[in-house]
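An overview of the molecular structure
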Amino acid sequence: MTLAYDGSHIDGSAYVDVIDAAHRAPGWLNSLTTAWSAYGLALFAVLMLAGWWQARRAGTPAAVTALAVPLITLAAFGVDALLKLAVREDRPCRTFGVATLEACPAPGDWSFPSNHSALAAAAAVALFYVSRRLGAVALAAAVLMAASRVWVGVHYPHDVLAGFLVGAVVAAAAAGAVRRHAPALTARLAAGPLRPLLAAA
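I will try to describe carefully the structure that is included in this document. (Residues numbered from 1 in each chain as written. Predicted model: local features only at pLDDT ≥ 70, side-chain atom pairs only at ≥ 80, totals over all residues. Heavy atoms only, no water.)

1. Overview of the pattern of salt bridges
Between side chains of opposite charge, a pair can form when the charged atoms approach closely. Using the criterion set out here, one finds two salt bridges in the structure. For arginine 91, the salt bridge identified is with aspartate 109, shortest N-O distance 2.8 Å. Here arginine 91 is found in the loop between helix H4 (60-87) and helix H5 (92-96), whereas its partner aspartate 109 is found in the loop between H5 and helix H6 (115-128), with 18 residues between them in sequence. On the basis of relative accessibility, which here comes to 5%, the residue arginine 91 falls in the buried class. Residue classification places aspartate 109 among the partly exposed positions, given a relative accessible area of 37%. Of the charged contacts in the structure, one is a salt bridge between arginine 149 and glutamate 102, with a shortest N-O distance of 3.2 Å. Placement of the pair is arginine 149 in helix H7 (residues 132-151) and glutamate 102 in the loop between H5 and H6, with a sequence separation of 47 residues. (Salt bridge = Lys/Arg side-chain N within 4 Å of Asp/Glu carboxyl O. Helix = DSSP H or I, 4+ residues; strand = E, 2+ residues; numbered from the N terminus. Buried < 20%, exposed > 50% of the residue type's maximum accessible area, 1.4 Å probe, protein only.)

Here's what the structure looks like:
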């Protein structure tokens, strides 16, 4: 039997308050929040595509950074997943046994930190290195994603805050490294099969 960490003593009361608010909220708001929580990450893929399309018109170094955004986001997910395995915090919906908008994940699907928050924050921070406008849109969407994961009942507030921090820190470090080495990466990629992705025809 795997022992799970109980994070309820950190902000369990805040979690319960949010769940109570969700139960009293209008149905349309809960439907929108549930849909966003489940499918909202697709928006970040669209923003990444838009960032690449814009960057390839600006020149190859910018396009290299844009092409790196999905990889940076996946790297943040990897770090977040390792932390999940290390901490093994049980889901709050399982600890409190409350009715939630989203089905409570199965035992062993750990809560801390939030994968959704890490992915969203990483995408937003990485996109800032491509376009401030797209980065700002992604950041607002990332905040909404983090909040939605608590609202639907599958995370504590500290889960989404930690996930957000993990994603932002990993993305800032990785995107900064890509930008510093952009000239060398550009030369290498321009000589290979990815050359058509680096600049507009």
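2. Observations regarding the state of the cysteines
All told, the structure shown has one disulfide when counted by the stated rule. With its sulfur 2.1 Å from that of its partner, cysteine 93 forms a disulfide with cysteine 104. Taking the sign of the S-S torsion, 80 degrees for the link of cysteine 93 and cysteine 104, the bridge is right-handed. With a gap of eleven residues between them, cysteine 93 in helix H5 and cysteine 104 in the loop between H5 and H6 connect regions that are remote in the sequence. A relative accessible area of 5% places cysteine 93 in the buried class. Overall, cysteine 104 belongs to the partly exposed group, its relative accessible area being 27%. (Disulfide = S-S within 2.5 Å.)

3. Topic: the environment of alanine 120
Examined against the element boundaries, alanine 120 turns out to sit in helix H6. Overall, the relative accessible area of 0% leaves alanine 120 in the buried class. Sequence separation of alanine 120 and alanine 45 is 75 residues, and the distance between their C-alpha atoms is 10.0 Å. Setting aside chain neighbours within four positions, we find alanine 120 in contact with Leu41, Phe44, Ala142 and Met145. (Contact = heavy atoms within 4.5 Å.)

4. Here's the deal with the nonpolar core
Residues Phe44, Val69, Ile72, Ala138 and Ala171 are the most contacted members of the largest nonpolar core, which totals 30 residues. With seven residues, the top contributor of residues to this core is H6. Setting aside residues no more than four positions away along its own chain, phenylalanine 44 makes contact with Ala120, Ala123, Ala138, Ala141 and Ala142. If you look at the next biggest cluster of nonpolar residues, it comprises seven residues, including Tyr15, Ala146, Val150 and Tyr156. (Core = buried A, V, L, I, M, F, W, Y, C linked by side-chain atoms within 4.5 Å.)

Keep in mind that these numbers describe shape and distance, not what the molecule does.
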